[in-house]
Amino acid sequence: FKGGATRSLTLARPLSAWEEHTLSANIVAEIDQLLDEHTPGEIAVILNAKGLLSGCGRSFHGNRVGKICRAYNLKSRSERLRERGFLTLDEISACLGLSKGTVKNKRAQGKLPVGCVLLSDDGQYMYEDPAAAPGAEKQNSTSTSSNEV
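In every chain, residue numbers begin from 1 and rise along the written sequence. In view of the model being predicted, local features appear only for residues whose pLDDT reaches at least 70, and side-chain atom pairs are presented and counted only at 80 or more, with totals across whole chains, interfaces and linings using the full set of residues. The side-chain numbers reported here are obtained from all heavy atoms of the structure, hydrogens and water having been left aside.

Participant: Would you explain helix α2 (residues 25-34) in this entry?
Facilitator: Owing to its 3.6 residues per turn, the α-helix brings residues three or four apart onto one side. Among all positions in α2, only I27, V28, E30, I31 and L34 are buried. Buried residues of α2 fall within an arc of 160° about the axis and therefore sit on the same side. For α2, the exposed residues lying more than 90 degrees away from the buried face are A25, N26 and Q33. Two residues qualify as a contact provided that any one of their heavy atoms is within 4.5 Å of a heavy atom in the partner residue. Strands here mean DSSP runs of E at least two residues long; helices mean DSSP runs of H or I at least four residues long; both are numbered from the N terminus. The secondary structure elements touched by the buried residues of α2 are α3 (40-49) and α4 (62-71). With a side-chain oxygen lying 3.1 Å from the backbone nitrogen of N26, the N-terminal cap of α2 falls on S24. Exposed residues in this analysis have more than 50% of their type's maximum accessible area, buried residues have under 20%, and partly exposed residues fall in between, with area computed by a 1.4 Å probe over protein chains only. It is the directions from the helix axis to the C-beta atoms whose arc is reported. For the purposes of these results, a polar contact is taken to be a pair of N or O atoms within 3.5 Å, where, inside protein, one atom must be able to donate a hydrogen and its partner to accept one; residues adjacent in sequence count only when each atom of the pair is a side-chain atom.

Participant: It is not clear to me how the pattern of salt bridges should be interpreted in this structure. Could you clarify?
Facilitator: Salt bridge, as used here, is a side-chain nitrogen of Lys or Arg placed within 4 Å of a carboxyl oxygen of Asp or Glu. Taken as a whole and assessed by the stated rule, the structure comprises seven salt bridges. We note a salt bridge from K50 to E30, for which the minimum N-O separation is 2.2 Å. Of this pair, K50 sits in the loop between α3 and α4 while E30 is found in helix α2, placing the two residues 20 residues apart along the sequence. Residue E30 is classed as buried on the basis of its relative accessible area, which comes to 18%. Its salt-bridge partner being R84, residue E37 comes within 3.5 Å of it at the nearest N-O pair.

Participant: What is the right way to look at the confidence of the model for the protein in this model?
Facilitator: Regions with low pLDDT carry predicted coordinates that are not meant to be interpreted in detail. The score called pLDDT rates the predictor's confidence residue by residue, from a low of 0 to a high of 100. Per-residue confidence for the protein gives a mean pLDDT of 83; residues scoring 70 or more make up 85%. Contacts from residues 136-146, a stretch scored under 50 in pLDDT, to residues over four places away or in other chains number 25 contacts.

Participant: Please clarify how the packing of aromatic side chains should be interpreted in this entry.
Facilitator: The description of an aromatic ring pair uses the distance of the two centres, along with the angle that the planes make with each other. For Phe, Tyr and Trp, rings pair up if their centres lie within 6.5 Å, where Trp contributes its six-membered ring, and each pair is then called stacked (planes under 30 degrees apart), edge-to-face (over 60) or tilted (otherwise). Going through the model one piece at a time under the given rule, you end up with zero aromatic pairs. Criterion for a charge above a ring: Arg CZ or Lys NZ at most 6 Å from the ring centre, at most 35 degrees from the ring normal. Here the basic side chain of R107 rests over the ring of Y125, its NZ or CZ set 4.0 Å away from the ring centre.

Participant: Is there a simple way to think about the packing of helix α6 (residues 89-96) against helix α7 (residues 100-109) in this case?
Facilitator: When two helices pack together, you describe them by how their axes are tilted relative to each other and by the distance separating the axes. α7 packs onto α6 with a crossing angle of 95° between their chain directions and a minimal axis gap of 9 Å. When the axis of α6 is compared with that of α7, the two are roughly perpendicular. Of α7, the residues touching α6 (which contributes L89, D90, I92 and S93) are K100, V103 and K104. Taken together, the residues that form the contact of α6 with α7 break down as three nonpolar, one polar and three charged. Axis lines are fitted through C-alpha atoms, for helices just across the contact stretch, and the angle between N-to-C directions can take any value from 0 to 180 degrees. Orientation labels follow simple angle bins: below 35 degrees gives roughly parallel, above 145 gives roughly antiparallel, 65 to 115 gives roughly perpendicular, and whatever is left gives oblique. Polar here means any residue outside two lists: the nonpolar Ala, Val, Leu, Ile, Met, Phe, Trp, Tyr, Cys and Pro, and the charged Asp, Glu, Lys and Arg; Gly therefore counts as polar.

In structure tokens, the structure reads:
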């Protein structure tokens, strides 16, 4: 090649697909914090209301939040509630001496002598341990569903 001006361009290496779709550390931290009090579906609504987008630039939904929790090894809502002393349906049934169906019915009617929290978007609940708070009777104030843990 004879004569003439030459010019070299130096370009940054393009991001790989996984680097392009990496979620912001701030969003992961917010999801981690929200899992203490909310289900994945509720978290998705909160993040969407703030105008936040996933790593792919899409809005959030419950399944996407669940996948993010698994991908970033966040503690599940169930693990967090267990650490706070909440019981499963089987455990509360045995503790109260009631069948699982009776526990579900009393929860739906708001007549369960212990509090409960929504575990998942599928309508599963976890229950306060009656032994942990003796004499403290709480009424259920959450919506009803037929699925339980």
